[in-house]
Each structure stands twice: as C-alpha cells, then as structure tokens.
Amino acid sequence: MKNTEDFKFALSGKNLNHVAFPLGGTGAGMVCLEGTGTISNVSLRHKPDVFNEPFMFSALTVKKSSGKNLALILEGPVPDRKIFGNPKCGNGLKTTYGMPRFTESKFSWEFPFAKVKLMAEDCPVKAEITGWSPFIPGDSENSSLPVAALEFTFENPSDEAIEAVYSFNSKNFLHYPDGVSHVQKLNNGFIFSEKGTEDEPWMESYFSATCDDPAVKINPSWFRGGWFDSATIAWKDLRSGECPCDPEVTEGDPSPGGTLYVPFKLKPGETKTVCVRFAWFTPRSNLRVGKSPGEGEGYTCNCKGEKPDLSLPTFTPWYAEKFKNIAEVTDFWQENYADLKEKTAKFADCLNSSSLPDKLIEAVAANLTILKSPTVMRQADGRLWCWEGCCDERGCCAGSCTHVWNYAQALPHLFPDLERSLRQTEFNENQDETGHQVFRAALPIRPIIHEFHAAADGQLGGIMKIFREWRISADTEWLKVLWPKVKQSLDYCIETWDPDHIGVLVEPHHNTYDIEFWGPDGMCSSFYLGALKAASGMAEALRENPEKYRELYIKGRKYLETELYNGEYFIQKIQWERLRAGNPAEANALVNLPYSPEAKALLEKEGPKYQYGEGCLSDGVLGAWMAEVCGVGEILDPEKVKSHLLAIHKHNLKHDLSRHANPQRPGFAVGHDGGLLLCTWPNGGELSLPFVYSNEVWTGIEYQVASHLMMFGCVEEGMDIVETARKRYDGTVRNPFNEYECGHWYARAMASYALFQGITGIRYDAVDKILHIDPKIEGDFASLLCTATGYGLTGIRNGEPFVDIYDGEINVNKIIFEQR
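Remarks on the overall build of the chain
On a plain count of helices and strands, the chain comes out with 18 helices and 33 strands. With the C-alpha coordinates of the chain rotated into their principal frame, the extents come out at 90 × 65 × 55 Å. Taking all 820 residues of the chain together, 63% fall into the buried category. Long-range contacts, defined here as pairs at least 24 residues apart, represent 70% of the contacts in the chain between residues at least 6 apart. Computed over 83 positive and 111 negative side-chain charges, the separation of the two mean positions in the chain equals 2 Å.

Describing the sheet that holds strand 7 (residues 104-110)
The strand order across the open sheet formed by nine strands is 1-7-8-9-10-17-14-13-12, and the pairing between neighbours is antiparallel. Edge positions in the sheet fall to strand 1 (9-12) and strand 12 (181-186), since each of these pairs with one other strand and no more. The sheet shows a mean angle of 15° between the axes of neighbouring strands, taken without regard to direction. Relative to strand 17 (residues 271-281), strand 14 (residues 205-211) is paired through six bridges, and the arrangement is antiparallel. What sits directly across from Phe207, in strand 17, is Trp280. Helix 4 (residues 326-352) contacts strand 1, strand 7, strand 8 (113-119), strand 9 (126-132), strand 10 (147-155), strand 13 (189-194), strand 14 and strand 17 of the sheet and is inclined by roughly 115° relative to strand 17.

Here's the deal with the pattern of salt bridges
With the rule as written, the count across this model stands at 45 salt bridges. Here Lys322 ties to Glu141 by a salt bridge, and the two come within 3.3 Å at their closest N and O atoms. One end of the pair, Lys322, is in helix 3 (residues 319-322); the other, Glu141, is in the loop between strand 9 and strand 10, with 181 residues separating them in the sequence. Residue classification places Lys322 among the partly exposed positions, given a relative accessible area of 32%.

Re the nonpolar core
For soluble globular proteins, nonpolar side chains are generally found buried alongside one another. Core analysis: the largest hydrophobic core is formed by 240 residues, its most contacted members being Phe154 and Tyr513. Residue contributions to this core peak at 11 residues, all from helix 11 (residues 522-541). Ranked by size, the runner-up nonpolar core spans 14 residues in total, among them Phe57, Ile73, Leu238 and Tyr261.

Section: empty space enclosed by the protein
Counted by the stated rule, this structure contains nine cavities of 30 Å³ or more. Along the wall of the largest cavity there are 18 residues; nearest its centre are His413, Tyr753, Ile762, Leu785 and Cys786. In the lining of the largest cavity, the residues fall into 11 nonpolar, six polar and one charged.

Considering the packing of aromatic side chains
With the rule as written, the count across this model stands at 47 aromatic pairs. Between Phe192 and Phe207 the ring centres are 6.3 Å apart and the planes differ by 25°, which places this aromatic pair in the stacked class. With Phe192 in strand 13 and Phe207 in strand 14, the pair connects residues that are 15 residues apart, well separated along the chain. For the pair shown, Phe192 and Phe207 are each scored as buried. On the numbers, 6.3 Å between centres and 90° between planes, the contact of Phe517 with Phe691 is edge-to-face. Here Phe517 is found in strand 23 (residues 516-517), whereas its partner Phe691 is found in the loop between strand 27 (679-680) and helix 16 (701-711), with 174 residues between them in sequence. Overall, the relative accessible area of 0% leaves Phe517 in the buried class. Residue classification places Phe691 among the buried positions, given a relative accessible area of 0%. Aromatic ring contacts, followed pair by pair, group Phe111, Phe135, Phe347, Phe415, Tyr791 and Tyr806 into a single cluster. A cation sits over an aromatic face here: Lys609 above Tyr595, 5.2 Å from the ring centre. Between Arg748 and the ring centre of Tyr407, over which it is positioned, the NZ or CZ distance is 4.6 Å.

Here's the deal with helix 13 (residues 597-606)
Taken together, the buried positions of helix 13 are Ala599, Leu602 and Leu603. Here the buried residues of helix 13 occupy an arc of 110° about the axis, which is enough to place them on one side. When the buried face of helix 13 is taken as reference, the exposed residues oriented beyond 90 degrees from it are Pro597, Glu598, Ala601, Glu604 and Lys605. Two residues or fewer past helix 13, Gly607 is found with a positive phi of approximately 100°.

Considering the sheet that holds strand 2 (residues 20-23)
One open sheet holds the three strands; their spatial order is 2-3-4, and the pairing between them is antiparallel. In this open sheet, the two strands that pair with only one neighbour each are strand 2 and strand 4 (39-43). For this sheet the average axis-to-axis angle between neighbouring strands, irrespective of direction, equals 25°. Two elements, strand 2 and strand 3 (residues 30-34), share four bridges in a ladder whose sense is antiparallel. Of the residues in strand 3, the one forming a bridge with Ala20 is Glu34.

With respect to the side chain of Arg420
Summarising the element assignment, Arg420 is placed in helix 8 (residues 416-427). This buried residue, Arg420, is left without a salt bridge; Asp475 holds the nearest opposite charge, at 5.2 Å. When sequence neighbours within four positions are dropped, the list of residues in contact with Arg420 reads Glu469, Ser473 and Trp478.

Describing the environment of Val31
Structurally, Val31 can be placed in strand 3. According to the relative accessible area criterion, Val31 is buried, its value standing at 2%. As for Val31 and Val147, which are separated by 116 residues in sequence, their C-alpha atoms are 9.2 Å apart. Not counting residues within four places of it along the chain, the set of residues in contact with Val31 comprises Phe21, Pro22, Leu23, Ile39, Ser40, Asn41, Val42, Leu44, Ala148 and Trp280.

Details of helix 14 (residues 622-629)
With seven of eight residues buried, helix 14 lies mostly within the body of the structure. For helix 14, the complete set of buried residues consists of Leu622, Gly623, Ala624, Trp625, Met626, Ala627 and Val629. Phi turns positive one or two residues past the end of helix 14, at Gly631, with a value near 85°.

Quick look at the packing of helix 8 against helix 9 (residues 456-473)
The axes of two packed helices give the description: the angle between them and the distance between them. The N-to-C vectors of helix 8 and helix 9 enclose an angle of 145°; their axes lie 10 Å apart at closest approach. When the axes of helix 8 and helix 9 are compared, the crossing they make is left-handed. In this structure, helix 8 contributes Pro416, Glu419, Arg420, Arg423, Glu426 and Phe427 to the contact, and helix 9 contributes Gly462, Ile463, Lys465, Ile466, Arg468, Glu469, Ile472 and Ser473.

Comments concerning unusual backbone geometry
The bulk of non-glycine residues show a negative phi, and the bulk of peptide bonds are trans. Residue Pro112 is reached from Phe111 by a cis peptide bond, and omega for that bond is 5°. One can find Pro112 in the loop between strand 7 and strand 8. Across the junction of Leu443 and Pro444, the peptide omega takes the value -10°, indicating a cis bond. Checked against the element boundaries, Pro444 lands in the loop between helix 8 and helix 9. Positive phi, normally seen in glycine, also occurs at Tyr693, with a value near 80°. Within the element layout of this structure, Tyr693 appears in the loop between strand 27 and helix 16.

Observations concerning the confidence of the model for the chain
Considering every residue of the chain, the mean pLDDT works out to 95; 97% of them sit at 70 or more. Considering only residues more than four positions removed or in separate chains, one finds that residues 297-302, a stretch of pLDDT under 50, has 21 contacts.

Section: the state of the cysteines
This model, assessed by the stated rule, comprises zero disulfides. Cysteine Cys211 is unpaired, with the sulfur of Cys275 as its nearest cysteine sulfur at 7.1 Å. Summary of cysteine pairing: Cys397 is not part of a disulfide, and the nearest cysteine sulfur, belonging to Cys742, is at 3.3 Å. With relative accessibility at 26%, the residue Cys397 sits in the partly exposed group.

Rules used in this analysis
Along each chain, numbering runs from 1 in the same order as the chain's sequence is written. With pLDDT at 70 or above as the cut-off, local features in this predicted model cover only qualifying residues; side-chain atom pairs require 80 or more to be listed or tallied, and sums for whole chains, interfaces and linings still use all residues. To get the side-chain values, all heavy atoms of the structure are used, and hydrogens and water are removed first. Numbering of helices and strands runs from the N terminus; a helix is a DSSP stretch of H or I covering at least four residues, while a strand is a stretch of E covering at least two. Burial here depends on accessible area, computed with a 1.4 Å probe over protein chains only, as a share of the maximum for the residue type. Under 20% is buried, over 50% is exposed, and the range in between is partly exposed. Two residues qualify as a contact provided that any one of their heavy atoms is within 4.5 Å of a heavy atom in the partner residue. His residues and chain termini do not enter the charge count, which takes Lys and Arg as positive and Asp and Glu as negative. Note that the charge is assigned to NZ on lysines, CZ on arginines, CG on aspartates and CD on glutamates. Two strands pair under a simple rule: DSSP has to find at least two bridges between them. Geometry is summarised by axes, namely lines fitted to C-alpha atoms with helices restricted to the contacting stretch, and by angles between N-to-C directions that run from 0 to 180 degrees. Put simply, a salt bridge is a Lys or Arg side-chain nitrogen that is within 4 Å of an Asp or Glu carboxyl oxygen. Residue types Ala, Val, Leu, Ile, Met, Phe, Trp, Tyr and Cys, when buried and joined through side-chain atoms within 4.5 Å, form a set referred to as a nonpolar core. A 1.4 Å probe that fits but cannot get out identifies a cavity on a 1 Å grid over protein atoms alone, an open set with protein on both sides within 12 Å along at least five of seven lines counts as a pocket, and a residue lines either if it has an atom within 4 Å of a point. Grid points are joined across faces, edges and corners, and a volume is the space filled by probe spheres set on the points. In this classification, Asp, Glu, Lys and Arg are treated as charged, Ala, Val, Leu, Ile, Met, Phe, Trp, Tyr, Cys and Pro as nonpolar, and every other residue, Gly included, as polar. Whether two aromatic rings pair depends on their centres lying within 6.5 Å, for rings of Phe, Tyr and Trp, where Trp uses its six-membered ring; planes under 30 degrees apart make the pair stacked, over 60 edge-to-face, and the rest tilted. Criterion for a charge above a ring: Lys NZ or Arg CZ within 6 Å of the ring centre, and within 35 degrees of the ring normal. Think of it as the arc spanned by the lines of direction from the helix axis to the C-beta atoms. Crossing handedness is defined as follows: a turn of the near helix away from the far one that is anticlockwise and smaller than a right angle gives a left-handed crossing, while the clockwise case is right-handed. Confidence scores here are pLDDT values: one per residue, from the predictor, ranging 0 to 100. The disulfide criterion used throughout: a pair of cysteine sulfur atoms within 2.5 Å.

Set out below in structure tokens:
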C-alpha cells in the first residue's frame, strides 16, 4: 500500500463537499472518513445515522518556544453546506467547526483505503490521514469485524527540530438520556459505554479508541460542567501541549469524554505515524421485521419507529456471537492489526492494478463501500439480511429484496458464502409448500406469513442465481439439497404467470417497480427464459429430465423474438382481459393499488395503470443480462438484444435533464445532471400513467445496461453511460461513495461489478474449471478476478492469456480465449 503518494483517485476543493468514505465491517456498522478528515455518519447501533457527526476530532499541537503553541484540528475547511443546511443549524451548531484547522485538504482513495492530506502555511508539519478497515475477498469473518482505523502521518520538511503532540478527542457520543454511561481507561486507550435503560435495553453500546504508540497518555475524565465547559477545557488542555491526564471518574456524574495524547519529536526530514484503532460492540437491537405464522395480527416491522414486542426475538449481530464483549473485539483488532492490514492492502493493490479504464474501476470500487454501510446486516448465525438502502435514521425497504439484490453482482464473487446465505433464506424460510416466495425476508430470519404476491423478477432471478452460486462454488452437494425447492419455485412461477404454457409471463406479475405488469413483456419474460434455461442445465447435471423446461424455453424465446420485438427493441403487449386474475379494478384482482373512478375510466381507454407498452425500457432485456452474469449464457437472439441495448443508449441516455419533465423523484438526477432514464417512448404510445418511476434515473440500472452493451462490443456506448453516472457523484453535490435510490448506499449500484465481465468477457466456472476470456478491447489488459478459492489478476499479456494469483488458488484446467 502506498504510504506517501496519492492514491489513484483524487478529489479536492469543492469536490470534497460531500465526500464520506465508509469504514467498518460487512453487516457490522459504519463510520465515515470525510474528504476533509472529519468522522461522520457514525452508525453503530444497527441502523443508519446519516447526520450523526459526534463531537470527535484529532488535533496537532506544535509547541513553540514563545509558549504560543499552534493547535489545529486535523481536518480541512468545513464545507459550506454544513454551516447552514444541516439539521438544527438554526441554533448555531454544537460542533467542532469553530476550532482552528488546516486551510486545505486533498482526498484520494483506492478501495478499501482512503487518504486525506492536510496543508496550512503557518504549520511547519505536513499531515496525512489514512483510513481503512479489513476487506479480504473470501474471508467473510475478518471482513465483517466492527472495527476501523485511522493512521496519522506527520512529516517535518523544515530545517529545525519540532516538538508536537497528537491528540484524539471525543465526547462520549454513546450517551443516552436516562441511561448509564461511562468512560473506562485502558492501558492504551479508553472505552465509551452506554448501558441503556430498562425500557430501551437495546441502546447498550460500546466504543473503544486505542493507540499503538508506547508514549500514549490517556485522559478518561473530561471536565464536568454545564454549557460548553467540557469542550472548552478539552481545547485548553490540548493547546497547552502538556498532556494532562486525570484519574478515571468513579463517583458523581460520568465523564463526558476522553482524550488520547501522543507527544513526539521530529528531526528535520523525519516522519512519524500514529495509529488510532476504533472498535465497537452493540450486542442487541430492537429490530424485528415481518410476521411469522402464529404471531397474530399486526406485528410486522418496528423499523419505522413502532414499539417492539420484547417478548419476541430481535436481531442480534454476528459479531456478538464471535466476541463476548468490547474488550475481546479491541484485543482481537490490536493483535491481528498488522496481518489484516497486509491482507487488505494486497487486495487493494490487486484491484487497483487493473489496466481497465479508470472511470470503470472507480464505478466498481466506489460502490463496494455499500458492503461497509448499514444497508447490509449479518445476523448471529452468520447469514446476511439486507435493506435495499438506508433512510437517514433507519433502514429503507426491508428483507434482502430479491428483485433489487438481483442487480448486485459484487457479493457473489467477493464473498460467495455470504451470497449463498441469501439463497438459503429465499428457498427455505421465504418459500412455502406451493413454491410461492416472499421477496422480503423476516428479521431475525425465520418462516414468514405469505400474504402478498410473489415478485416475478425476484423469484425467477433467484433460480438463475442458484445456477450462478453453483458454478462459482462448484458445490454440487449444495445444489442437490436446494434443487427440490428450485423445481418447486419454478413450477409455481409457471402455473401462476404462464398457466397456458406459452413460454412468457402473461398473468399480472409483480416486479421491481412496485407494480404489476399485465401481459407479456420483454423484461420479466426474459427472466423467465433465463430461469428455464438455468433449470434445464441444473436438471441435466443432476441427471434429471430437463425437457419440460427446455420446451417452454424454446417456445418463449420464439414468442419474444417475434411478438415482442418491434424491429429495434423489445416491448410489452398489454393484456388485461380474459386473464385468470380478473379485472384490474375489482377487489379480487392482483393489483397493488385501488382504482379511483378516474382510473377506471382510464382502464377502459388504455388498460391497467403502470404499464410500459410500446416504451423503450432500460430494463427491457434485464433477464438476458442476468443470464450472462450468472453463467447461464445466451437466451435471446444476440443481434436483437444488441439492438435493444443500442436503442436504450440512443433514446434513454440524456446528458442534460434540464428540459426533462419528471413529476416523480427527481433528486437522483436533475437539472443539468445526465443520466439514463428508465423508459422513453421514441415511437409514441406513452401511456397517461406509465409505470411508476418511469421518468427517473436509477443507479444500478445504468450499470447493468453499460456492462451489457460492453458484452456486445459496444464499449464506447457503455463507457458513455458509466461516465455520465459517475459525473453526478463527483463530490460537489453528491457523495462519490453513496449512490442512492430508495435510500443511501443503494444495493442495486453493485451492478457496477459486472463492468469487469462486460469489458473483458472474463468469467471463471469452478465446476468445469474453465476460465473464459472474451475481451471487447484491443491489446493487452489486466483485470481483477475473484473466485471462491482465491483472487488475482487475469487478462492478456503479450497477446496471451495469463493468471497472476494474489491469494489462495484458482484451479484452471482450460482457458477459452476469444480473440478479437
């Protein structure tokens, strides 16, 4: 890992306005390192806390012979948006913003490391912060630790020796009204604790800050008093450079905070690094989602603030099973720090050694931070359970939503065991004896009441993902166990949405747009084709007769290519009469929303609300993309699919939306932003009420289209979409590490990982031990390859395929290289 130079991706000036780089373990909570050096978005209690910026800061005190020491917070200038615009700003803000600080900062990053360089003309010391947390492909345990680290490097570029003091200072931000808080001194740091209350025991939480320097001094007892007393005295103490340390408070009111001091001297040209390690431990929660059989009516979800029923089990984090308390987490972090950093740096080097376009690497790597955000949770038995994204103070859209997580292609390659845990839930706890799947899992994971219709794209996508997990893991025994449930699921899909067995979905089918499509459409029927072909392949491998699925696939493919292809792209044939579902406006029909008198009149004229008909849908051949990234292969005429994708690029990509009318949710892309619209009607036929969200720009959909275009050699068009999307996330208005849609750190954005396969054609099949390389770019190149057993770089070197293994092993019996 680079220690002094900038990382590959760098930002400065106004581009730092919204930079917040997530640190923490997968499913373990998060803190963010901002582009200025601030710690924010502190979310340690099993929920997001987007505006949580505690009174926490590091500082540098440079001693002067005159006695007038220079004390600066180790942060750059406060972004203007924070001064007025944040919640509660009208009362003047109780923050660190009024403290002297460095006058300039520069942020650079190479996931999972981030660096902040700090400069000030009146400071004789150069300062740099490196933030990171463990992220090691294939090692889900160490990548799920509730820890993070900040390394502060100081350099003396002058001709004179310098005496200085580094300090880490923080109020006990875990303190809860009427709770029992404490600051406990350690040999090399302190622990903040909060025991919670009798009514709210889930507020129990712990946070440790420790330092590896033998000279560290600890003050666990900040001054107690009213108004701004504690902060005022804390600043006075650090400015003095004397490192005052009081004994731990044992009586009276608890200490409001603590400080770590590290005094040091620098000779001319010398450098000094101080490492501060954070660890946290919140052993319980009040989170319980979903209704279980036998629980009675009404208990669904307390994620929106409802009072939990404490007689029922709630979410317990995985790390609370691995560790007994905060002391064990802190000790483990200290003892394994060097090893975990070395392994994490090895992955960072591999990922960022790719020779693919920088903007493509940026799009992939920036969205890997989602795996460090509160979007992802990991329960006590190690299984993942995820939100779609994060609201400001709670998760957004519960239950590892199958049709959203269809898009997320990073996890199955980086941590295959965690991805398989999602399949375990889908085909067991979420599936009943009829094959119906609930597309939102309960939390804690358990059987759930089946009271809503299934999601066609989610359930059919799950069948392709079973195929993918099998080919990635080569675990045929795992497949054998789940295969009866897979058949049950697919049979349910056939009989529910294609009862006449014509090979496409005709009956109304729920999907990712939170509505039902009536009649066959390219999007969901392509999922059907992919699932049928995947099932055929699995059946054949397990020595069962695949003909049932194969015949339906052949019929469906012909139907899509002849009936749903308009010569340029695939469409929907709206159908609502003579269906088993009945009239959309009647109570027994499978619709999501009631029909007003006006809507009934519109029904007679145009058909059901929320369709796309003749539209050019960006997700219009999504099932074909899923089939490719899952290893199922081609499911539709490649020329027709390519034509559809080029039509999307032509009609739906806008480089300036200032003349685009969007009465829906414009914040994702607005004004002079560019983006890929979900749907357009280039040949007319737009409905009065097309499917909801149709005028929006969604992260993730952009990346699936871009990567799919690249698979057909349309690299320029694919990169056009990638660059347009990432331009919105340049730090000026939006956080580069928070591509949002239905909440912050939206899971769908991990579709960007498929850009690797799109541009290189690289896919490893662990069952056959075949490495496929079908590059869409000329000449030599290197790309990340992650498998279930190891990772490294692969590509073309001197015109020939190569594999450089960085960790583990990748058994390749054969390379299929498609030369351009």
